Amino acid sequence: MTRISRSAFVRGLGAAGAATAMPPVRAAAAAQAPRLQRLIDGYVRENPRLANLAIVAGVVRPDAPQGVLVFGGAPVAARDHARRITLDGNTTFLIGSNTKCFTSRIYAARQKDYGKTLGQCITAPLPQRLRDVPIVDLANYSSGFPTDNAPPIWWNETINATTLATLLQSLNAHPSVPACAPGANYSYSNFSWGLMGLAALGVSSPSQPVAEQWAQAVAELGGAIGLSPASRPWSPSTYNDLPAGYASGSLFPEDQDYGGPNWLTMGGGGNLASNGNDMLRWLRYNMGVLGLDLPLLIEQQQRTWTWTTKSPQAAGVTACVASSMRSPVTTSLGWFHASPPWNPAVRFLTKNGGVKGFSSWMGFGRWAGSGSPAKTGLFVLANAPRTADVIGARALRALLS
């Protein structure tokens, strides 16, 4: 892996210590991804109010199979906005819902079979309706729970997920959830992916230390595929390592946190932190480039499920509501399938993430069943909302054109 540093751009922001000569190896690397670098430069210029924007992107192409990292911006530490931290492949970001594909992979490693039900994995007391939910429906965004990535969020003030014990108690007090039948409609349910993470661990007791066990499961996956300890669940101490995150046009106040207590119980929905080096390896792993776990990856990526109706947001526990979608959504055990509008013959697997102050995006060419790894892939990490999605979509078009 080779880094690309943009000393001239960082000097323009006045970052201390950035004005260093670029050694020849970096100059050679810069020639490998000039279009991606220009896209990032352009985005930063378009958003001058984000003076402490931090972006790390990685690209894998046939002429750069090891991958290239590209950087933009000048981050500051989360707790102390005046203290600068280094922006490189080791800089930590929250990846939000890109966690979900880690969760699916951890489930496969630990439970082996996507054909189980939730009750076969969580043997602690649960209502029968919830016990019968198929894992495959949790993993394909069709759990029966309402969409909860925007208000109103049905489980706020209804389900207490502060601890495993309060979560189980709350669920048993609402035996009618999920309101819709699993496998009937699409819904982007972070809550259901929290349950997926618990199913991956296997839960037999309300006193089980699931936060510690989730951290261990993430570490085991990281060890198996070569990730560093930086890829770990969010905890109250994580923000000491993060660039300060943005809310719209301003950094979050220094005394604010980026996580919440429920993430310690339901981490599978989106609580991981990672860095550019690890996300590049995670990208190459899922592209099949590393040659690891190929049967498992093919199982996760080859079969598709397509949804034409959705379960929209809801306030509290209500009866099942479903509505038509503008266009179908196709999923594969955590991933989404998409074709660029300008080239419908190309098929990509993608996943994005957004969590307070941060955004992430990953995409790569569909390869499962082709007999060879994907040739092209990309990821973006940023400390501002929607930034990774915008850059990811632009870069994907540049890569494919």
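Described in the following lines is the structure provided in the data block. In this text the structure is predicted, and so the values were computed from the model without any measurement.

1. Side note on the environment of Gly 270
With respect to the helices, strands and loops of the structure, Gly 270 is situated in the loop between α11 (262–265) and β8 (272–275). Looking at Gly 270, the relative accessible area reads 5%, which means it is buried. The residues touching Gly 270, leaving out its near neighbours within four places in the chain, are Gly 96, Ser 97, Thr 99 and Trp 263.

2. Some remarks on the nonpolar core
The biggest cluster of nonpolar side chains holds 116 residues, and the ones touching the most others in it are Leu 118 and Phe 191. Sort the elements by how many residues they give to this core and helix α9 (residues 190–201) lands first, with eight residues. For Leu 118, the contacting residues outside a window of four places in its chain are Leu 126, Leu 130, Arg 131, Val 133, Ile 135, Leu 138, Leu 195 and Ala 199.

3. Quick look at the packing of aromatic side chains
One pass over the structure, following the stated rule, counts 17 aromatic pairs. A centroid spacing of 6.4 Å and a plane angle of 40 degrees characterise the contact between Tyr 141 and Tyr 186, whose relative ring orientation is tilted. A residue pair is termed long-range when its members are at least 10 positions apart, and Tyr 141 in the loop between α7 (135–138) and α8 (164–172) and Tyr 186 in the loop between α8 and α9 qualify at 45 residues. Using a relative accessible area of 1% as the deciding quantity, one classes Tyr 141 as buried. The class for Tyr 186 is buried, based on a relative accessible area of 12%. Geometrically, the ring pair formed by Phe 145 and Phe 191 is edge-to-face, given 5.3 Å between the ring centres and 70 degrees between the ring planes. Of the two residues, Phe 145 sits in the loop between α7 and α8 while Phe 191 sits in helix α9, which places them 46 residues apart along the sequence. Judged on exposure class, the residue Phe 145 and its partner Phe 191 are both buried.

4. What about helix α13 (residues 294–302)?
Taken together, the buried positions of α13 are Leu 296, Leu 297, Gln 300 and Gln 301. One side of α13 carries all its buried residues, which in axial view fall inside an arc of 115 degrees.

What counts, and at which threshold
- Every residue gets a number counted from 1 within its own chain, in the order that chain's sequence is written.
- Local features in this predicted model are restricted to residues of pLDDT 70 or higher, and side-chain atom pairs are both shown and tallied only at a pLDDT of 80 or more, whereas totals for entire chains, interfaces and linings draw on every residue.
- Water and hydrogen atoms were dropped before computing side-chain values, which therefore reflect all heavy atoms in the structure.
- Every helix listed is a DSSP run of H or I at least four residues long, and every strand listed is a run of E at least two residues long, numbered separately from the N terminus.
- We call a residue buried when its accessible area falls under 20% of the maximum for its residue type, exposed when it is over 50%, and partly exposed in between, using a 1.4 Å probe and counting protein chains only.
- When checking whether two residues touch, look at their non-hydrogen atoms; a contact exists if any pair is within 4.5 Å.
- Take the buried residues of types Ala, Val, Leu, Ile, Met, Phe, Trp, Tyr and Cys, join any two whose side-chain atoms come within 4.5 Å, and each joined set is a nonpolar core.
- Only centres within 6.5 Å qualify two rings of Phe, Tyr or Trp (six-membered ring in Trp) as a pair; their planes then separate them into stacked at under 30 degrees, edge-to-face at over 60, and tilted for everything else.
- This arc is built from the directions going out from the helix axis to the C-beta atoms.

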